[in-house]
Amino acid sequence: MKRKNQRTKLLVLAAGLAGVLILIYALGLLIPEKAVEGSFLEAGRPPCLSHPFGTDALGRDLLARTLKGLSVSITVGIVASGVSAGIALLVGIASAMGSRQVDAAVNWIIDLVMGIPHTVLILLISFALGRGMTGLLAGIAATHWCSLARLVRGEVLQQRSRPYIMVSRRLGKSGGWILLHHLFPHLGPQFLAGLVLLFPHAILHEASVSFLGYGLPPEQPAIGIILSESMRYLSAGMWWPAVLPGAALLGVVLLMDRLGEQLRRVLDPVTAQE
Amino acid sequence: MALEAKNVFFRYTRKSPWVLEDCSLTIERGECVAVTGPSGYGKTTLARLLAGWQTPDKGEILADGKPLPTRGPCPVQLICQHPQEAINPRWKLRKVLEESGKLQEDRLGEFGIERAWLDRFAGELSGGELQRFCVARALLSGADYLVCDEISTMLDGITQAQIWETVLKEAKKRNLGIAVITHNFHLAKKLGSRRIDLTAR
Amino acid sequence: MTENRESLLSIRDFGVSFQRYDSRMGQTRLQVISNLHLTVYPGEILAVVGSSGSGKSLLALAILGMLPLNAVTGGEILYRGKELTPERQKQLRGKKIALVPQSVTFLDPLMKTGKQADGQGGTGLTQKRRDIFRRLGLPGKTENLYPFQLSGGMARRVLVSTALLTEAELILADEPTPGMSLEQALEALRMFREMAEEGRAVLLITHDLDLAVEFADRVAVFYAGTTVETARASDFQNGPDALRHPYSRALWESLPQNGFRPVNGFQPYAGNLPGGCPYAPRCPLRTARCETALPPVRTVRGGEVRCYDGA
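Summary of the structure given here. The model shown is predicted, which means the values in this text are computed figures rather than measured ones. (Residues numbered from 1 in each chain as written. Chains lettered and ligands numbered in written order. Predicted model: local features only at pLDDT ≥ 70, side-chain atom pairs only at ≥ 80, totals over all residues. Heavy atoms only, no water.)

1. Structural notes on the overall build of chain A
Then comes step 1: Helix and strand counts for chain A come out as 10 helices and zero strands.
Then comes step 2: Element order for chain A, N to C, with α for helix and β for strand: α-α-α-α-α-α-α-α-α-α.
Then comes step 3: Principal-axis analysis of the C-alpha atoms places the extent of chain A at approximately 80 × 55 × 30 Å.
Then comes step 4: Considering chain A as a whole, with its 274 residues, one finds that 45% of them fall into the buried category.
Then comes step 5: Looking at chain A as shown, the accessible area adds up to about 13200 Å², and 69% of this sits on carbon and sulfur atoms.
Then comes step 6: Counting 23 positive and 15 negative side-chain charges, chain A places the centres of these two groups 12 Å from one another. (Helix = DSSP H or I, 4+ residues; strand = E, 2+ residues; numbered from the N terminus. Buried < 20%, exposed > 50% of the residue type's maximum accessible area, 1.4 Å probe, protein only. Areas by Shrake-Rupley, 256 points an atom, 1.4 Å probe, with all protein chains shown as cover. Lys, Arg positive; Asp, Glu negative; His and termini not counted. Charge placed at Lys NZ, Arg CZ, Asp CG, Glu CD.)

Laid out in structure tokens, this is it:
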């Protein structure tokens, strides 16, 4: 029986996804500021050939704004999930390798953070740090590390009692050496998949908090801001500022999720050889 | 000069029954002692205690009169029953051997290791081939005592004979003390200069 | 002796290989079992003896149609003379063919062991099961325990009783005894013998030649993914002259009680199986022919052997 080669499939998918994301990111940066300047002559146009996403109530081209917004979203996604994953790794390892008290404290904090709804906590942190990009990034990073930290902790605990690690210790290797040579290579793949899967969460939280007005400032062309503005005109029959940027955001998130899921499947030894 | 267990008690949790109760034994340098007993008599636990993988709840383990070090190379090395679990599956086997010091490629022949195996991963070799790596790793570490916990149980007879030939040759050369933990009566009789029966206590 | 009877299970030129990814993106095939030849008759215990990790556990999984998804099989397996198709495997497994798995992870972690051992047989079996538990030295309370509360040896005895309770005609026992005490292992094997006397068949897959010779009627010697010889168990007791294949003789001589004599070289492993006879590189009797073509199966002195040598 001939089976499709999953790894080749993944590679093609990953390359395609990365290509799309890089393209969106680059387009967002390359589009000149002029393209998003308003013109009242063009205000409130539905999608047409010269404005594929239409224009908003101030006459700004929505495709250009959406691309710029997605580019901001991707930046937020990468930075926030990167920082969050870094915290997860440190905390997870500290919890598993440290003393009993450290482990108890970490578990308590994880329960606490996970017990509060993410959006509420992000709002609070972002508000406390004066909104804007920094506050938002801090808020997202501070809330998204918990489940990955738990995963890391569990893996390290399980690995620590493995015979090959016991042998390594009795051959005189230090804790740091074992961490670097035995544990990190083992954690790497799961950590990578976890990191990629954090990305869509981070983006969606950025959009929702900005939508509520506690995230990015209104002059920034973020998807959350566009969606928030669109609400005012929805009753006037202007559907395109809400639907098209929203769909574009959803598209990016789904692509990312798909990539993470594929990574997990290939890196997981149970399904790796299928 | 001996590896000693002195009145050792061990149990896994505070509520569980003793796995080992007041267990004492001595293995002199240059001596090969067979420790026998059916499963459930704490053979593997004893092996782990002797090599410092676990610490006894009461009593002590002494190598040449000193307690086993908690850091640095241990003078007692344990070889386990399942080599697959004692080798990191993500490593090339060259790195596995390098864990016990600089690789001495000219000595590979003594351990029955082919040079081509060094660049493979554990999953690409059989249990018998991997066990040779575990034996080589333990012997090259410079340990004075070996604890062999059913190391040839899962192998075919010929590989078993090969591995023991290697171990015994090196043991004679370096005057090692060896604990052979096995349930195989014939093997115990063949290898051990004396036998310790765990059921006898 | 057995040749005139109708076989229960017959395996011809059977092979298993795995699709694997190599370090690049390509897929390779890893041959683990090749040219395996085996016949099981009703009323006997046939042992398959090979070292661990040599792929002999795959044999049981292949008979039941439970190989991993990336496995590719070749050759044929006949059950009662008819090909064992995936549909038939599904129908027969658990009912006519039972497995005593090697790993205790085969137990359902959420089900009490007593209920689990009864299987689909219902409550009518309870008395029989208690009897079997008692004979295997499992305390009465075992039936109310969950698998995680069992020790390794207890779990294995539960697995054995599960298979003993079925009406299966063929029992595949994959390393059933490690972890049991000597008395328990002997009792389990005695129960297998009783089942064989009822006309059922037991395929005992083990690494332990001593155990196989002691308890089986016939012994198939598994080397590098194939069976090089199938001999009567008594042939092994009679010593090397009664055996047919050079590997079987070397194996006999390597046992601690028979000289403890090693042979140079190593058993070829999955993916590196040679084209001709797998034992040729170590064999004192090899000729040029051995290295190019696998010898056919011949019947010699009531046993089967794959060797060109006259024996």
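Still more to cover.
2. A closer look at the pattern of salt bridges
Then comes step 1: This model, assessed by the stated rule, comprises 35 salt bridges over all chains.
Then comes step 2: As a salt-bridge pair, E143(C) and R129(C) come within 2.7 Å of each other at their nearest N and O atoms. With a gap of 14 residues between them, E143(C) in the loop between α4 (126-135) and α5 (152-165) and R129(C) in helix α4 connect regions that are remote in the sequence. Summarising the burial analysis for this pair, E143(C) and R129(C) share the class buried.
Then comes step 3: Each of R107(B), E110(B), E170(B), K173(B) and R174(B) takes part in salt bridges that share partners, so that together they form one network. (Salt bridge = Lys/Arg side-chain N within 4 Å of Asp/Glu carboxyl O.)

3. A word on the interface of chain A and chain B
Reports often express the size of an interface as the amount of accessible area lost when the parts come together.
Then comes step 1: Contact with chain A, which involves 16 residues of that partner, is made by 22 residues of chain B.
Then comes step 2: Carbon and sulfur atoms supply 57% of the area buried between chain A and chain B, which totals about 1800 Å² over both sides.
Then comes step 3: Remark: the boundary between chain A and chain B carries nine residue pairs in polar contact (both at pLDDT 80 or more).
Then comes step 4: The set of elements that each furnish at least two residues to the side of chain A that touches chain B consists of α7 (163-170) and α8 (175-211) of chain A.
Then comes step 5: At seven residues, the largest contribution of residues to the side of chain A that touches chain B is made by α7(A).
Then comes step 6: A class-by-class count of the residues in the side of chain A that touches chain B yields eight nonpolar, five polar and three charged. (Contact = heavy atoms within 4.5 Å. Buried area = accessible area lost by both parts, 1.4 Å probe. Polar contact = N/O pair within 3.5 Å; in protein donor to acceptor, adjacent residues only side chain to side chain. Nonpolar A, V, L, I, M, F, W, Y, C, P; charged D, E, K, R; others polar.)

4. Quick notes on the packing of aromatic side chains
Then comes step 1: As enumerated under the stated definition, the model contains 10 aromatic pairs over all chains in all.
Then comes step 2: On the numbers, 5.3 Å between centres and 65° between planes, the contact of Y247(C) with Y279(C) is edge-to-face. Taken together, the residues Y247(C) in helix α9 (residues 246-254) and Y279(C) in the loop between α9 and α10 (288-292) connect sequence positions 32 residues apart. For the pair shown, Y247(C) and Y279(C) are each scored as buried.
Then comes step 3: A cation over an aromatic ring shows up here: K58(B) above the ring of F9(B), its NZ or CZ 4.4 Å from the ring centre.
Then comes step 4: In this structure, R129(C) is placed above the aromatic ring of F133(C), and the distance from its NZ or CZ to the ring centre is 5.7 Å. (Phe/Tyr/Trp six-rings, centres within 6.5 Å; stacked < 30°, edge-to-face > 60°. Lys NZ or Arg CZ within 6 Å of the ring centre and 35° of its normal.)

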